[in-house]
Amino acid sequence: MCEQVRPDLLTDTAHLCHGVDRIAETGADDLILLPCSTDPAQIHLLTDALGPARLGAPAAAR
């Protein structure tokens, strides 16, 4: 099963952004990402990688 899941793991910024954009293109309004670590710094890494535009921030904040 690992071989089936591994290609879709979002392990770097480019892959993460591509995956989020691909899901957004389907019309999805929400996306839940589950970190592989309990380190709270994961949230900051995620927001840095995606940026406000992909996180749904108001246009004024972008």
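Being a predicted model, the structure only gives us computed values, none of them experimental.

S.K.: Just to check I follow, could you spell out the overall build of the protein chain for this structure?
M.R.: A count of helical and extended segments in the protein chain gives 3 helices and 0 strands. Mapped from its N terminus to its C terminus, the protein chain presents α and β elements in the order α-α-α. Counting only residues that meet the buried cut, the protein chain has 13% of its 62 residues in that class. For the protein chain, the computed accessible surface area is about 5,200 Å², with 58% contributed by carbon and sulfur atoms.

S.K.: Any chance you could explain the environment of Ser-37 here in plain terms?
M.R.: By the element assignment, Ser-37 lies in the loop between helix H2 (13–25) and helix H3 (41–54). In this structure the side chain of Ser-37 is engaged in a polar contact, spanning 3.0 Å, whose partner is the backbone nitrogen of Asp-39.

S.K.: What exactly am I supposed to notice about H2 here?
M.R.: Helical geometry: 3.6 residues make up each α-helical turn, so side chains three or four residues apart lie on a common side. With 13 residues, H2 should reach 18 Å at 1.5 Å per residue; the first-to-last C-alpha distance of 18 Å fits that figure. Those residues of H2 not exposed but buried are Leu-16, Cys-17, Gly-19 and Val-20. Buried positions in H2, seen along its axis, are confined to an arc of 160 degrees and lie on one side of it. The exposed set on the far side of H2, more than 90 degrees from its buried face, consists of Ala-14 and Glu-25. Check the buried side of H2 and you find it contacts H3. The N-cap residue of H2 is Asp-12: its side-chain oxygen and the backbone nitrogen of Ala-14 are 3.2 Å apart.

S.K.: Looking at this structure, I do not really get the packing of H2 against H3. What am I missing?
M.R.: A pair of packed helices can be characterised by two numbers: the angle between their axes and the separation between those axes. At a minimum axis separation of 10 Å, H2 and H3 run at an interaxial angle of 35 degrees. As H2 runs across H3, the sense of the crossing is right-handed. Contacts between H2 and H3 pair Thr-13, Leu-16, Cys-17, Val-20 and Asp-21 from the former with Leu-46, Ala-49, Leu-50 and Arg-54 from the latter. Here the contact of H2 with H3 is built from residues that sort into 6 nonpolar, 1 polar and 2 charged.

What counts as what
- Residues numbered from 1 in each chain as written.
- Predicted model: local features only at pLDDT ≥ 70, side-chain atom pairs only at ≥ 80, totals over all residues.
- Heavy atoms only, no water.
- Helix = DSSP H or I, 4+ residues; strand = E, 2+ residues; numbered from the N terminus.
- Buried < 20%, exposed > 50% of the residue type's maximum accessible area, 1.4 Å probe, protein only.
- Areas by Shrake-Rupley, 256 points an atom, 1.4 Å probe, with all protein chains shown as cover.
- Polar contact = N/O pair within 3.5 Å; in protein donor to acceptor, adjacent residues only side chain to side chain.
- Expected span 1.5 Å × (residues − 1).
- Arc of directions from axis to C-beta.
- Contact = heavy atoms within 4.5 Å.
- Axes fitted to C-alpha atoms, helices over the stretch in contact; angles between N-to-C directions.
- Left-handed = near helix turned anticlockwise from the far one by under 90°.
- Nonpolar A, V, L, I, M, F, W, Y, C, P; charged D, E, K, R; others polar.

Note that all results are geometric; they support no functional claim without further evidence.
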